[in-house]
Amino acid sequence: MKYLFLIIIFFRSIISATDTSLYEMNAEAFLSSESANQVIDPRNPNVQLLDAALFHVSNLERKKYRLSPFSYSAVLHRIAIEHSEAMINNDFYSHENPYNSSKKTLAKRVLGQTKEFSQMAENIAEFDIISGNEEMFCIIEPKRKGGDFQFIDCDTGKTIPMQTYKELAINIVKEWMDSPGHRSNLLNKNYKSLGCSIRLSKKPFKTQNSPFSRITQNFGG
């Protein structure tokens, strides 16, 4: 399953974006690394790799269109993490957080932490972690109470593997690039800074729902 939403906000105050040294590797180096090509373990994901993979794939997409790469923004990253975790922990999928009035909207989430950006936008998505065509798999129920559901290829009977960190990020960005509004955010020359967060569903393999992610991408300019 995959669902996409976006939101765009402009503000009057202008403060230049700042860069950090947290994401020092360029996109090509990161995405060719052994870490980025590990298969995701939904029970124990490396959230740092999840977030960095999406950041670097986004920059790789910018490079295709001869656009300057996004600078990593620690504050936008933190805001993205908070929203992705809120969507997972409170089981909602929206730009608006109905459980926290002080962080209900993108404007409140950003302005509550920084006045750095004159304009901002947000992409969100919901995406399965299993590889291949996620709409074409069979489910085997657990043999005992509390056991794991299995997700298998209906034709071969083989367990469907999870995606790698790189694969998941590439597939998310591909879906955004196929959506005019999300694409516009990713390729907007006015957005200079980026923070990304991917968080995975709780208790993977314990329900008939395949393991999935909820994603937040915050832009600033």
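Below is a summary of the structure that appears in this document. Note that the structure is a prediction, hence the values are computed from the model and not measured.

How each quantity is defined
Residues numbered from 1 in each chain as written. Predicted model: local features only at pLDDT ≥ 70, side-chain atom pairs only at ≥ 80, totals over all residues. Heavy atoms only, no water. Helix = DSSP H or I, 4+ residues; strand = E, 2+ residues; numbered from the N terminus. Contact = heavy atoms within 4.5 Å. Salt bridge = Lys/Arg side-chain N within 4 Å of Asp/Glu carboxyl O. Buried < 20%, exposed > 50% of the residue type's maximum accessible area, 1.4 Å probe, protein only.

Notes on the environment of Pro-161
Argument step 1. When you line up the elements, Pro-161 lands in the loop between strand S5 (150-152) and helix H5 (165-177).
Argument step 2. Considered as a pair, Pro-161 and Ile-40 are 121 residues apart in the sequence and their alpha carbons are 9.2 Å apart.
Argument step 3. In contact with Pro-161, other than residues within four places in its own chain, are Ile-130 and Ser-131.

Quick look at the environment of Gly-147
Argument step 1. The topology assignment puts Gly-147 in the loop between strand S4 (138-140) and S5.
Argument step 2. For the pair formed by Gly-147 and Thr-207, sequence separation is 60 residues and the distance between their alpha carbons is 9.6 Å.
Argument step 3. The residues contacting Gly-147, other than those within four sequence positions of it, are Pro-142, Phe-205 and Lys-206.

Side note on the pattern of salt bridges
Side-chain pairs of opposite charge can arise where the charged atoms are in close proximity.
Argument step 1. With the rule as written, the count across this model stands at eleven salt bridges.
Argument step 2. The closest approach of N and O atoms between Arg-43 and Asp-148, which form a salt bridge, is 2.4 Å. Here the residue Arg-43 occupies a position in the loop between helix H1 (27-31) and helix H2 (47-64), and Asp-148 occupies one in the loop between S4 and S5, the gap between them amounting to 105 residues.
Argument step 3. You can call Arg-43 exposed: its relative accessible area is 52%.
Argument step 4. Put simply, Glu-85 and Arg-199 hold a salt bridge, and the shortest N to O gap is 3.5 Å. With Glu-85 in helix H3 (residues 74-89) and Arg-199 in strand S6 (residues 193-200), this residue pair connects regions lying 114 residues apart in the sequence.
Argument step 5. Look at Glu-85 and you get partly exposed, because its relative accessible area is 34%.
Argument step 6. By relative accessible area, Arg-199 is classed as buried at 9%.
Argument step 7. Through salt bridges with shared partners, a single network forms among Arg-43, Asp-148 and Lys-206.

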